[in-house]
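As a plain string of letters, each chain reads:
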Amino acid sequence: MAYWLFKSEASTWSWEQQVAKGDVGEEWDGVRNYQARNFMREMKLGDRGFFYLSQKDRKIVGIVEVCAESHPDSTTDDDRWDCVDIKAVRPFSNPVTLDQIKAEERLAEMVLVKNSRLSVQTVTESEWRIVCEMGQTKPD
DNA sequence: GCCAACGTTGGC
DNA sequence: GCCAACGTTGGC
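Residues numbered from 1 in each chain as written. Chains lettered and ligands numbered in written order. Predicted model: local features only at pLDDT ≥ 70, side-chain atom pairs only at ≥ 80, totals over all residues. Heavy atoms only, no water.

Caption draft 1: Spatial organisation of the protein's contact with DNA strand C. Surveying the vicinity of DNA strand C reveals the residues K7, Y52, S54, Q55, R58, L98, K102, S116 and R117. Restricting the count to atoms of DNA strand C within 4 Å of the protein gives a sugar and phosphate share of 71%. Take Y52: an N or O atom from its side chain is 3.0 Å from a phosphate oxygen of DNA strand C. Between DNA strand C and the protein, one listed contact pairs a phosphate oxygen with a side-chain N or O atom of K102 at 2.6 Å. In the surface near DNA strand C, the residues fall into two nonpolar, three polar and four charged. (Near = heavy atom within 4 Å. Polar contact = N/O pair within 3.5 Å; in protein donor to acceptor, adjacent residues only side chain to side chain. Nonpolar A, V, L, I, M, F, W, Y, C, P; charged D, E, K, R; others polar.)

Caption draft 2: The arrangement of helix α2 (residues 34-42) in detail. Turning to α2, its buried residues are A36, R37, F39 and M40. The arc that holds every buried residue of α2, seen down its axis, measures 160°, which confines them to one face. Packing partners of the buried residues in α2 comprise β1 (3-8), β4 (59-72), β5 (82-97) and β6 (120-123). Capping the start of α2 is the job of one residue whose side-chain oxygen sits 3.0 Å from the backbone nitrogen of Q35: N33. (Buried < 20%, exposed > 50% of the residue type's maximum accessible area, 1.4 Å probe, protein only. Helix = DSSP H or I, 4+ residues; strand = E, 2+ residues; numbered from the N terminus. Arc of directions from axis to C-beta. Contact = heavy atoms within 4.5 Å.)

Caption draft 3: Highlighting the UniProt feature "domain: EVE" (unreviewed entry) in chain A. UniProt tags residues 2-134 as "domain: EVE" (unreviewed entry). End C-alpha atoms of residues 2-134 are separated by 20 Å, and the span's content is 26% helix alongside 36% strand. (UniProt positions renumbered as here; feature names shortened; annotations may be inferred.)

Okay, structure coming up:
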């Protein structure tokens with residue numbers, strides 16, 4: 001199983017909206033970046049991801065799960081763009097802020113730190129466990 | 001609100 | 001195929 005990070009702006013798509021979709025989940029559409037798209041094409045059912053809010057919030061607020069593998073993005077006719085569906089698994093007891101992540105030296109190599117603009121990112125297993133611990137949330 | 005970093009576009 | 005110009009993102 002692989003781990004990922006999905007980035008959103010609360011004003012565009014919030015954690016509450018994601019939770020409201022329940023186990024049906026929702027398309028992670030609108031991505032128009034090849035690297036991010038390629039990561040989504042690699043995703044498998046059951047893969048887990050962090051739900052990160054950029055801009056004003058700048059924190060990881062919960063865990064999501066891939067509930068449909070890569071398929072055409074329904075928001076465009078351009079067949080270059082695919083996306084997955086994700087559903088909310090659980091919120092973090094303690095959201096983990098970007099400041100906390102930057103202050104943790106074991107997370108210095110996280111994509112969020114190295115390339116903050118990428119909207120879909122990979123997360124290593126050790127990074128996953130550290131962030132879950134910081135969020136006081138079970139990792140599985 | 002600013003601006004650096006990055007990705008994309010299009011002229012050559 | 002290069003690279004300047006442009007648009008967008010996101011941290012600050």
